[in-house]
Each structure stands twice: as C-alpha cells, then as structure tokens.
Amino acid sequence: MPQQRTLKPLLNVGDEVTAAWWPPSDNERDDAPSGWYTGVISSYKSVYPSNKSNNCYGAIRYYTVNFDDGDVGIDIPEHFVFLTREYELHTMKDDDDDEEWMGVKNVTDRHSDDPWAKLVGWYVATIDGEEHTFSLLSDALRAVDSIVVSEKGMKTKREDLNLPDDWDKLFSDKAKQKKKQKTEMEELKQRHLEEKEKLREEAEADKESAVKIAVVKEERKVREMQHTIKKELREQCKQDMEKLKREYEEEKKRQEIEEERAKKEKLKPRYQVGEEVYAAWWPDDKKKDEEPLWYLGRVKGYKDQRSSSKGVGEYGVVRLYKVQYADDGTEQDFIPEHFVMLKEDYLLSADEDPQHQWKGVKNVVSKDSDDIWASLIGYYVATIDGKEVAFPHLSEALRAYDASIVKRKGDKTKQADLNIPKDWDWLFPEIPSPPSVEELMKELQETKAKIKEQQVAFAKATSKKHDAEIEVAVKNALAEERKRTQDMKKRLRKELIDYHENEMKTTLEKFEEEKTKITKETMAKAQKKHEVALEKQRRDLEEHFQYEKDKAMQFVKLETKQHQKNEMQAEFNLLKKEIEREIEQKLRSEYSLPPAPKRAKVSLVLIPRPGLSPKPAMENGKENVPKGDSLLTPVATDKTEKQPTEDEVLV
C-alpha cells in the first residue's frame, strides 16, 4: 500500500470545482449542504492535526471558492470540494445505486479522524490481478479502460469500458468494419435460411412423435427446476432477511450514537464574532501561572481544534477565542472555551449566593470526560413538566423553568417560585408609591448625623492605635530603606503618590455606593407604616455599621477630614520632612553618595489594610484586590510601569 500522505488529492488555485454550499445563517454547517454549485478555487489554507498519529493523510485543507453565480464560499472543508469532472462521475453512479464501476472500488478509513479519509476516501483499480491506488476516480477508471483496450483491441465494446466517450476514435474505426461484416452476415443468413427450409420439410414427418416425447421430458424438467428454484429462493430470502436485519441493527445503533453525539455537541455553547461575553484575563498572557480575572468584552474571532488525540470528542471541537475587553480595549488570543461565558450567565453566577440553589435547574458535569469544558463547566438541565430538558446556557434553563411555572400556576405564581422574578414584573401587583424625596433626605440626614457621632467616638478610641501603627510602619520602612539602592527612590515616590490618589478616589466611589444603597433600602421599606419602617431602618443601619466597623474607619476619615485637616496636615507635613531628611542623611552617610541633582521627596499616606478597603483597587486598568497587608503598601497604577525603575524608593 502506498504512503497514506500521497492518497489525498491536492487542488490548486484556479481549478474548476463543484463545491457544497450552505446558507449564510448556517454558520456551524451542522446540516447537510443546501446544494452543490460550480466555481473556481481562489485560495486555500492547510491545518495540521495536533497529534502526529492523526496526520497519516497529511494536512486538512479548507478552500475558498468563487461560485459562478457570484457567491463566495469561505473555508469549505476538502471533503466537500471536488473537481467538476470528478463530481460528474460521482453523480453518474449515484443515480443508480445497483451499478458499480468495472474494476474500480472505493476505499475509506472509518477509524480515521480525517473527514476526507472517513467519508470520501481513495480508489483501488485491479489491473492484471494487482491492486493499484489512485487519488481520483477518473484516473482509476482511465487506467482500467486502457488495460481493457490493450487486451481486446478492436474487439472492445462500449459496455467493456467505464468511460467509452474517451475512446470515440476506436469505435469510429470499428463502425466501418462492422458495416462490411454486416453485409457478409446477411448473405450467410440468406443461405442459412434456404438450407433450414429444406431440413424443416424433411423433418416434418418425424416432428409429431418427437414433439410429444420432448414435451413430456420438458414438463418433467420444468417441475424439477421449479422445485429447486423455490428451495433456493427460500434459502436466499432467509439469508437476505438475516443480513438486512443485521445491517438495520448496525445502522440503527450507529444512528443512535451519532444522534447522541450531535445532542452533546449542541450542549456546548458556541459564541460568534461580536457577541458580548465575560472572559478570563491573565497578566502578560500567563494562562497557567496565575489565577485569571474576569472582564466584559466582545468576541473578535475564534479557532476550532480537536479536544484530544482521539479526534473531535463527544462534545465536539474545542474552540479558542480572541476577545477584546471593553474596559481598556486590550485583546487576548487563544482563550480556552471554559474561560469564556455569556454575559448574562456570568452575571447570574456572580450574583449567586454560594448557599443558593436554583429552582428546578441543576448543573451537569462529566468528571471523566477528556473535554475540559464538560469536566469543569458542563451544561444545565431544567425539570419542565416532569421531564428533564438540557440547555447550554444557565439563563436559558432558568427562563424555561420559570415559563413552565407561570404557565402552570398562572396568576397564583409568587416571586419565590421563580428564579428570575424581574422578568415577570408585569405578573405581580404594583408596589405602593415611595415617600417623597424631601422625607427621604430628612431621614437620611438624621441617620448620617447619628452615624457621624458614632464615627467620631470610634475615631477617638482608635486614634492612639493608628499613631502607634504609623510609628512602627515608619521604623520598618526606614530599616528596609537602608538595604535599598539609589535606583529605588523614584519608584517609591511615584507609587506612594499614585496609590494615595487611587485610594482617595476608590473611597469616594465606595461612599457614593453606600449612600445609594441606604437610599434604596429606605425606599423599599417605605411600603409599611412610616414609623415602623423608620425604626427598622435605624436598627438595620446600627447593625450594619456595627458589623462593618472596620470599613467605617474609611468614612470617618472622609467625614471628619475638614474638622481635623489643619491639625493632622501640620503633623503629617512635619513627619514627612523629618523622614525625608533622615533618609537622605543616612543614605549619604552610609553609602557615601554624591549630592543628588534633585532632592528626593517621600510621601507617606495613611492607607487601610486590604481587608478594610471598601472597594478593590485598580491594577493594570482592571479591578483587583491588593495582596499586601501593610499600612504602607505601594501599588502601581501606570500600565507602562510594571517593574521598579531607576531612582525610585520603596518605603
């Protein structure tokens, strides 16, 4: 057998072909082609399988075809593209399945992952008792016809050839000889008829007796033959029925496997270009070294590949996405499909309480599957009218279940019966109108005044503790600074300033969020009587600020900053100057450094521990929680400065 890499036909740009066509709406091309049309190859690309064991038939080609009607087919797989003459030969026999090509048979590899080898295959011609392989059917047919003509010569008939139209010259010479032979045959036939008439007259006398004997013998033979034929037919029918039964069972089993596989492939979500998704993001594209963060973006492109060395896999191909993030416009390539999630599904999962369970919907994963998506993410099954229905997206499963509940219960449906009650707001009675803005503002001011009193008392109690922590932090920073070099001064100065500005901005945003949250809670509780709602709101606020007293320290700084500004600013500036002078003197004395052309400035900022921060800090233009636990923790916010630069100092 020749090398398998040489069996596959490789078409070139400009070749006239007949290719499959799908409507533009069928992006996945899961269904059969809508038709086959002629065109010309304009370009192609080759894709090599990742596993060498599956590369025995060479690269898989995808052709771009310019159809004659002006349409363009992009990335058409090679097993859906044929040379025009090859396609005509295939359709000649497809019209009559009982006919087969003489001396030529089609061979496929059912165990291969290559679609061309599995579905189209190559051709084997039997020539002089030996089998020869060909990539194209036309080449194999012409080779067999050439051998037949070389053996029979002028005696060759059209019925002896697969492609008799290729030998028109041979048959035109034979026509002249046949005409001459026909004339001679007519003369011989005339003489034969005359002699036959004479013999008939002589045998007329003995014919009657001979006929009777012959009739009896023939009737006996007919009866014996009928009996034999009936017996053979019964045996043949029995064998044919058993064969058809086996073939039917095998075909049925194969179809069930294909249907099950097709169902599993549809369970995996496929995102198209431009679709809004949440995708994982790694700093410096380190997909295996660090835990990813998730950000909103849009799909810019994708690439499909095999899920394992065995082939496509039970859940279809693995898709790698290219995503452009919405916050800063950066892009990341080759994001695995299990790190990309529909925006709505991600928001539902992110808002979900860890102890919460969706009603009537469960997540199904296959731990033993080679497909990472199936083993980690999986699909969702909703119980609808007592039947389990699978969905690729969480939002689809939840809405399907909610729709079945509303259909069954109607107006008696409660919000607690649904997973996403906000989709059914029209079903529930309207909420009474909330109190006026003046009343809410008055209540909010009273609440804020009470909170301020608590914050002032708490600030006085913790002031001494903060002073001690600041003193310890400064001493530790000075101790570490002795081991640093001159090139770290600029980094410390820049990072401290940036972190201070970022922290102030983050704290203000958090305060605005808390203020909005308090307003919303007050409006929601205004449905009950005014006095009961106000009392409950105060109790909830007291419990809330008692539970989050560490976070309240941030708000104390903001609310009391105007009252303590003069005193704290003076102390802070004095401490800063002393630290700068001491650092510069000790560095110059210890390292014998020359006078600096520009005086180094060090800024110290009171920053909370990460556990007390009301909102995650910004890192590389994206939200992230600081990892340090020091009161003086510099954080780089500039996208371009990822490493310490020259003349920077870390305190």
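Before reading further, recall that the structure is shown in the block above.
The following paragraphs examine the structure supplied in this document. All of these numbers come straight from a predicted model, not from anything done at the bench.

This brings us to empty space enclosed by the protein. In total, this model carries six cavities of 30 Å³ or more according to the counting rule given. Of the pockets and cavities examined, the second largest cavity occupies roughly 170 Å³. Looking at the second largest cavity, it is lined by 15 residues, and the ones nearest its centre are Pro9, Val81, Phe82, Trp116 and Leu136. Only strand S5 (81–83), helix H1 (84–94) and helix H2 (115–120) provide two or more residues apiece to the lining of the second largest cavity. For the lining of the second largest cavity, the element with the highest residue contribution is S5, accounting for three residues. In the lining of the second largest cavity, the residues fall into nine nonpolar, three polar and three charged.

In this section: the pairing of strand S1 (residues 16–21). On a regular strand, one side chain projects to one face of the sheet and the next to the other, so that they alternate. For S1 and strand S2 (residues 35–47), the ladder comprises six bridges, and the chain directions are antiparallel. Opposite Trp21, over in S2, you have Gly35 as the bridge partner.

Attention now goes to the environment of Glu443. With respect to the element layout, Glu443 can be found in helix H8 (residues 437–481). Along the sequence, Glu443 and Thr522 sit 79 residues apart, while their C-alpha atoms lie 8.7 Å from each other. With residues near it in sequence (within four places) discarded, Glu443 still touches Thr522, His530, Leu534 and Gln537.

Along the chain, the position of Lys8 falls in the segment before S1. Engagement of the side chain of Lys8 in a polar contact is seen with the backbone oxygen of Ala59, the distance being 3.0 Å. In terms of polar contacts, Lys8 uses its side chain to reach the side chain of Glu78, at 2.7 Å. Ignoring anything within four residues of it in the chain, the contact list for Lys8 reads Tyr57, Gly58, Ala59, Ile60, Glu78, Asp114, Trp116 and Ser135.

The subject of this paragraph is the sheet that holds strand S11 (residues 318–325). The five strands lie next to each other as S12-S11-S10-S9-S13, forming an open sheet whose pairing is antiparallel. A strand with exactly one partner marks an edge of an open sheet, and here the two such strands are strand S12 (331–336) and strand S13 (340–342). Each strand axis lies, on average, 45° off the axis of its neighbour in the sheet, ignoring direction. Bridge count between S11 and S12: four bridges; the pairing is antiparallel. Paired with Gln324 across the strands is Glu331, a residue of S12.

Our next topic: helix H3 (residues 137–152). Helix length check: H3 (16 residues) gives 23 Å between terminal C-alpha atoms against 22 Å at 1.5 Å per residue, within 8%. Along H3, the residues that are buried comprise Leu137, Ser138, Ala140, Leu141, Ala143, Val144, Asp145, Val148 and Val149. Where H3 ends, the next residue or the one after it, Gly153, has phi of about 65°, a positive value.

A contiguous patch of positive charge on the surface is contributed by Lys217, Arg220, Lys221 and Arg223. With respect to the secondary-structure elements, Arg220 resides in helix H4 (residues 168–267).

As a further point, take the packing of aromatic side chains. If you walk through the whole model with that rule in mind, you get 18 aromatic pairs. On the numbers, 6.0 Å between centres and 50° between planes, the contact of Tyr44 with Tyr63 is tilted. Here Tyr63 lies in strand S3 (residues 60–67) and Tyr44 lies in strand S2, a separation of 19 residues in the sequence. Note on Tyr44: relative accessible area 35%, which makes it partly exposed. Note on Tyr278 and Tyr346: the rings are 4.1 Å apart at their centroids and 15° apart in plane angle, and the pair reads as stacked. Taken together, the residues Tyr278 in strand S9 (residues 276–281) and Tyr346 in helix H5 (residues 343–351) connect sequence positions 68 residues apart. In this arrangement the basic side chain of Arg61 is found over the ring face of Tyr44, its NZ or CZ atom lying 3.9 Å from the centre. The ring of Tyr302 has Arg319 sitting right over it, with the charged end atom 3.8 Å from the ring centre.

Rules used in this analysis
- Residues numbered from 1 in each chain as written.
- Predicted model: local features only at pLDDT ≥ 70, side-chain atom pairs only at ≥ 80, totals over all residues.
- Heavy atoms only, no water.
- 1 Å grid on protein atoms, 1.4 Å probe; cavity = no way out; pocket = protein on both sides within 12 Å on 5 of 7 lines; lining within 4 Å.
- Points joined across faces, edges and corners; volume = space filled by probe spheres on them.
- Helix = DSSP H or I, 4+ residues; strand = E, 2+ residues; numbered from the N terminus.
- Nonpolar A, V, L, I, M, F, W, Y, C, P; charged D, E, K, R; others polar.
- Pairing = 2+ DSSP bridges.
- Contact = heavy atoms within 4.5 Å.
- Polar contact = N/O pair within 3.5 Å; in protein donor to acceptor, adjacent residues only side chain to side chain.
- Axes fitted to C-alpha atoms, helices over the stretch in contact; angles between N-to-C directions.
- Expected span 1.5 Å × (residues − 1).
- Buried < 20%, exposed > 50% of the residue type's maximum accessible area, 1.4 Å probe, protein only.
- Patch = residues over 30% accessible without salt bridge, like charges linked within 9 Å, V, L, I, M, F, W, Y side chains within 5 Å.
- Areas by Shrake-Rupley, 256 points an atom, 1.4 Å probe, with all protein chains shown as cover.
- Salt bridge = Lys/Arg side-chain N within 4 Å of Asp/Glu carboxyl O.
- Lys, Arg positive; Asp, Glu negative; His and termini not counted.
- Charge placed at Lys NZ, Arg CZ, Asp CG, Glu CD.
- Phe/Tyr/Trp six-rings, centres within 6.5 Å; stacked < 30°, edge-to-face > 60°.
- Lys NZ or Arg CZ within 6 Å of the ring centre and 35° of its normal.

Such coordinate-based values are descriptive only and should not be taken to indicate function.
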